[in-house]
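Overview (structure and organization)
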Amino acid sequence: MRTGDYKQTYGELVALVDSPPVWLWSAVLVLALIVAPYALNSYALSFVTIILITVVGALGLNILTGYTGLISLGHVGFLVTGAYAYAILVSKYQMPPLAGFLGAGLVPAIASLIVGAPSLRLKGLYLAITTLAFSFIINTVILEARWLTNGARGIAVQRPELFGISFDSDAAFTHLCLGFALVTLFAALNIRRSRVGRAFVAIRDNDTAARVMGINLHAYKLLAFVTSAFITGIAGALYGIYLSFVSVEGFPFLLSIEALAILIVGGLGSALGAVLGTVLIVLLPEATRMIFSLFSAQMDAMFSTGAQELKSMLYGLVIILFLRFQPRGLVGAWHDIRRTWVHWPLRY
Amino acid sequence: MQYLMQLLISGLAIGAIYGLIAMGFSVIYKSTGLVNFAQGEMTMITAYIAWTISTTVGGNLFLVSIGAIIAAILLGLVIERVVMRPMLGEPVFATVMVTIGLAVILRSSINFIWDAYPHGLDVGFGRDIVRIGTIGVRTGQIAVITTLLLMLVAIWAFFRYSKFGVAMRAVAADDRTALLMGISAPRVHAAAWAASSVIAGIAGVFFAISYDLSPAMFQLGLKAFPATILGGLDAVLGSGIGGLLIGITENLAGGYLGSGMKEVAGFLMIIVVLMIRPFGIFGERDIERV
């Protein structure tokens, strides 16, 4: 008797999805997201857009922290670099937006080599601290290089026009973000099942063993940095376009924490986790606000005055609670539920 | 020359504050093996509590310092018991992330409990200026440098001679063996958190006396990072000295190269240090055997 869902060939192990209905449901979700801009009001739509942009960034960080196990506290640095690269290329030098997006990926990727190289000798906490230092250094560089970045004044960014299609309207911009999110999701899933992705995970699980098996630690760690920074930079460009204004204040340090919270809540090292975590973390402040406003108008007022503080408090609380009670995140919870559903009333 | 001396003195004063916070970092790292990302926030909270006490009792120096120390001990103990102890035995990544979550919560609680405006902590001393030759120094600055030096001696003696200090070193070296030898690891952890909270709290109070109290004070913790990395995460005394070095570097960079450099001088310095000696100047190289 079959007692579980076992994978018997290598082909099954590296398959993109493990059962055909997943394709169907994914297609339904994508269709729903394509239709969403026409069905939702602009407030709800802004959440969809933010979620799609954040998914791109979370998947980027997931490659570095989730797959390769290198903790980064400075991912907001790559985000802001990408946003500025796009803004400078497109708004300042009137380059085509496509070149802007390419630059938004490449510039952080190059910057990541600079921060990655000294990090090769470091592990764990020390790496977290170097990346933290990087995000502060990049902020100072941006503020000081006024001739290029306008310093603290920031740069205004227009919605782009790609392949003759204008993405000026909110609906069209959501579609653009959806496109980027889907491409990133496919890239992340495919990286994970490729040779490179397996090398990343091997480094995370045990770097000494990985090295013994012939994985070049330095090359793969740098590759993880570059890939992660490239994707994060593009998320930064999208976020900059969404804000229609790129400045250092638009990218507070809290975003780094938010990104880590997303990965922890979703489940480290899983692309599905990054998506689920994003949805939860982005909607969490709004959902809490709604629940509180049911109780009393006074609590609602507290939310509107101290929104920023409450939001960050929630992130902190969610990080602590998940690490304490569900360290594998939402993906872990989902696996547990699925297993119980299949095996009930047997335990396994 | 006078400009240089002035920069050096104020660098030493702010460096002493970084040094105290950095010692807080390494006390926790030394006995629990984790970096407490909430150190700056704990510094800030104690300073705010001291401010509240000083406004209620009218700036009595004795009451303020006793109250602040008790508050810091309680804060450290509560955090250890409620937040950190359930995480015993979890991977380092998880525990460190918990301290980050804690930092975010503490930081935003400041605006809720107190307010977002800067305040001066007035305890009747610290703001008046003493002249040494041609250089003006605030008494608060002299006091904080003296405190750091006294603290360095006290902590050195504590770890070297007291039984509990030796127990802490034992837990840090290998907590399982220490448990087998009859040392209570949770008690050592609790003591480390309380001690670290007090040291950081003293730094916060001195900062509030010499400069001002504001919700941006948690950045002191970020500035103390370079100090503790420079000195060595596991070197308590080294961290204190690292603080002085970072303070001086930062002030000289700010004085001669511009204010932008002041903000990042410390971070640039640790990147360089980490490339050459990843374990800090006074830290111990840990050898991995396979």
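Residues numbered from 1 in each chain as written. Chains lettered and ligands numbered in written order. Predicted model: local features only at pLDDT ≥ 70, side-chain atom pairs only at ≥ 80, totals over all residues. Heavy atoms only, no water.

Some details on the overall build of chain B
- On a plain count of helices and strands, chain B comes out with 11 helices and 2 strands.
- Against the 2.2 N^0.38 benchmark of 19 Å for 290 residues, chain B shows a C-alpha radius of gyration of 19 Å, consistent with a compact globule.
- With the C-alpha coordinates aligned to their principal axes, the bounding extent of chain B is approximately 60 × 45 × 35 Å.
- Buried positions account for 56% of the 290 residues belonging to chain B.
- Contacts spanning at least 24 positions in sequence make up 75% of the contacts within chain B whose residues lie at least 6 apart.
- For chain B, the exposed area adds up to about 12,400 Å²; of that, 67% sits on carbon and sulfur atoms. (Helix = DSSP H or I, 4+ residues; strand = E, 2+ residues; numbered from the N terminus. Rg over C-alpha atoms; globule rule 2.2 N^0.38 Å. Buried < 20%, exposed > 50% of the residue type's maximum accessible area, 1.4 Å probe, protein only. Contact = heavy atoms within 4.5 Å. Areas by Shrake-Rupley, 256 points an atom, 1.4 Å probe, with all protein chains shown as cover.)

Some thoughts on the packing of aromatic side chains
All names here are of chain A.
- In the structure shown here, the tally under the stated rule is 14 aromatic pairs over all chains.
- On the basis of an interplanar angle of 90 degrees and a centroid distance of 5.3 Å, the ring pair of Tyr 43 and Phe 47 is categorised as edge-to-face. On the criterion of helical spacing, the pair formed by Tyr 43 and Phe 47 is a turn pair, its members being 4 residues apart in helix H3 (residues 42-67).
- Between Tyr 239 and Phe 251, the ring centres sit 5.4 Å apart and the planes meet at 80 degrees, which makes this aromatic pair edge-to-face. With a gap of 12 residues between them, Tyr 239 in helix H11 (residues 217-243) and Phe 251 in the loop between strand S4 (245-246) and helix H12 (254-266) connect regions that are remote in the sequence.
- A relative accessible area of 19% means that Tyr 239 is categorised as buried.
- An aromatic cluster is defined as three or more aromatic residues linked by ring pairs; in this entry it consists of Tyr 86, Phe 101 and Phe 180. (Phe/Tyr/Trp six-rings, centres within 6.5 Å; stacked < 30°, edge-to-face > 60°.)

Examining empty space enclosed by the protein
Residues and elements named next belong to chain B.
- This model, assessed by the stated rule, comprises 2 cavities of 30 Å³ or more.
- In this structure, the largest cavity encloses a volume near 140 Å³.
- For the lining of the largest cavity, the elements supplying multiple residues, two or more each, are helix H2 (39-57), helix H4 (92-113) and helix H9 (219-231).
- Its residues placed into classes, the lining of the largest cavity shows 11 nonpolar, 3 polar and 2 charged. (1 Å grid on protein atoms, 1.4 Å probe; cavity = no way out; pocket = protein on both sides within 12 Å on 5 of 7 lines; lining within 4 Å. Points joined across faces, edges and corners; volume = space filled by probe spheres on them. Nonpolar A, V, L, I, M, F, W, Y, C, P; charged D, E, K, R; others polar.)

A word on the confidence of the model for chain B
- Per-residue pLDDT for chain B has a mean of 82; in total, 96% of the residues score no lower than 70.
- With pTM at 0.84, the complex prediction returns an ipTM value of 0.79. (pLDDT = per-residue confidence, 0-100.)

So, the interface of chain B and chain A
- Contacts between the two partners involve 39 residues from chain B, matched on the other side by 35 residues from chain A.
- Together, Phe93(B), Met97(B) and Phe112(B) form the three largest contributors to the area buried by chain B at its contact with chain A, with a combined 17%.
- Summed over the shared surface of chain B and chain A, the number is 0 salt bridges.
- If you look at where chain B meets chain A, you find 0 residue pairs in polar contact (both at pLDDT 80 or more).
- Examining the composition of the side of chain B that touches chain A, we find that 15 residues originate from one element, H4(B), more than from any other. (Buried area = accessible area lost by both parts, 1.4 Å probe. Salt bridge = Lys/Arg side-chain N within 4 Å of Asp/Glu carboxyl O. Polar contact = N/O pair within 3.5 Å; in protein donor to acceptor, adjacent residues only side chain to side chain.)

Let's talk about the layout of surface pockets
- Of the pockets and cavities examined, the second largest pocket occupies roughly 1,300 Å³.
- Lining the second largest pocket are 43 residues, with Phe136(A), Ala216(B), Phe218(B), Gln219(B) and Leu222(B) positioned closest to its centre.
- Broken down by secondary-structure element, the contributors of at least two residues to the lining of the second largest pocket are helix H4 (75-92), helix H6 (124-144) and helix H15 (307-325) of chain A together with helix H1 (2-32), H4, H9, helix H10 (236-257) and helix H11 (259-276) of chain B.
- By residue number, the principal contributor to the lining of the second largest pocket is H6(A), which donates 7 residues.
- Counted by class, the lining of the second largest pocket contains 22 nonpolar, 13 polar and 8 charged residues.

A word on the side chain of Thr99(B)
- Within the secondary structure, Thr99(B) sits in helix H4.
- Excluding anything up to four places from it in sequence, Thr99(B) contacts Leu34(B), Val35(B), Asn36(B), Phe37(B), Ala38(B), Met84(B) and Trp193(B).

A short note on a nonpolar patch on the surface
Residue and element names in this part refer to chain B.
- Judged by side-chain polarity, Val 57, Phe 62, Leu 63, Ile 66, Ile 70 and Leu 74 come together as a nonpolar surface patch covering roughly 560 Å² of accessible area.
- Residue contributions to the nonpolar patch peak at 5 residues, all from helix H3 (residues 61-84).
- One can find Ile 70 in helix H3.
- With a relative accessible area of 47%, Ile 70 lands in the partly exposed category. (Patch = residues over 30% accessible without salt bridge, like charges linked within 9 Å, V, L, I, M, F, W, Y side chains within 5 Å.)

Things to note about the environment of Arg324(A)
- Within the secondary structure layout, Arg324(A) lies in helix H15.
- Classification of Arg324(A) by relative accessible area gives partly exposed; the value is 36%.
- Along the primary structure Arg324(A) and His175(A) are separated by 149 residues, whereas in three dimensions their C-alpha atoms are 37 Å apart.
- The residues contacting Arg324(A), other than those within four sequence positions of it, are Pro86(B) and Met87(B).

Some thoughts on the environment of Ile50(A)
Residues and elements named next belong to chain A.
- Within the fold, Ile 50 resides in helix H3.
- Under the relative-accessibility criterion, Ile 50 is labelled buried at 18%.
- Taking the C-alpha atoms as reference points, Ile 50 and Val 282, separated by 232 residues in sequence, lie 7.6 Å from one another.
- Aside from chain neighbours lying at most four places away, what touches Ile 50 is Tyr 239, Tyr 242 and Val 282.

Section: H9(B)
All names here are of chain B.
- Between its first and last C-alpha, H9 extends 19 Å over 13 residues, near the 18 Å set by a 1.5 Å rise per residue.
- For H9, the tally of buried residues reaches 12 of 13 residues, placing the bulk of the element in the interior.
- For H9, every residue scored as buried is listed here: Leu 220, Gly 221, Leu 222, Lys 223, Ala 224, Phe 225, Pro 226, Ala 227, Thr 228, Ile 229, Leu 230 and Gly 231.
- Backbone geometry just after H9 places Gly 232 at a positive phi near 115 degrees. (Expected span 1.5 Å × (residues − 1).)

Focus: the nonpolar core
Residue and element names in this part refer to chain A.
- In this structure, Phe 101 and Phe 251 are the most contacted members of the largest nonpolar core, which totals 191 residues.
- Per-element tally for this core: the top contributor is H3, with 15 residues.
- Excluding residues that lie within four positions of it along the chain, Phe 251 makes contacts with Val 76, Leu 79, Val 80, Ala 83, Gly 236, Tyr 239, Gly 240 and Val 246. (Core = buried A, V, L, I, M, F, W, Y, C linked by side-chain atoms within 4.5 Å.)

Digging into the pattern of salt bridges
All names here are of chain B.
- On inspection of all chains with the given rule, the structure shows 5 salt bridges over all chains.
- Across the salt bridge formed by Glu 41 and Arg 107, the nearest N and O atoms sit 2.8 Å from each other. Of this pair, Glu 41 sits in helix H2 while Arg 107 sits in helix H4, and the two are 66 residues apart along the sequence.
- For Arg 107, a relative accessible area of 22% corresponds to the partly exposed category.

Let's talk about unusual backbone geometry
- Residues other than glycine seldom take positive phi values, yet Ser244(A) does so here, at roughly 60 degrees.
- Inspection of the secondary structure assignment puts Ser244(A) in the loop between H11 and S4.

Some points on the pairing of strand S1 (residues 129-132) of chain B
- With 4 bridges connecting them, S1(B) and strand S2 (residues 135-138) of chain B associate as antiparallel partners. In the strand pairing of S2(B), Arg131(B) is matched with Gly136(B). (Pairing = 2+ DSSP bridges.)

Focus on the side chain of Glu41(B)
- Judged by relative accessible area, Glu41(B) falls into the buried class, the value being 2%.
- With residues up to four places along the chain from it excluded, the contact list for Glu41(B) reads Ala103(B), Leu106(B), Arg107(B) and Phe218(B).

Regarding H1(B)
- Here H1(B) spans 44 Å end to end across 31 residues, near enough to the 45 Å set by a 1.5 Å rise per residue.
- The positive-phi residue at the C-terminal boundary of H1(B) is Gly33(B), with phi of around 75 degrees.

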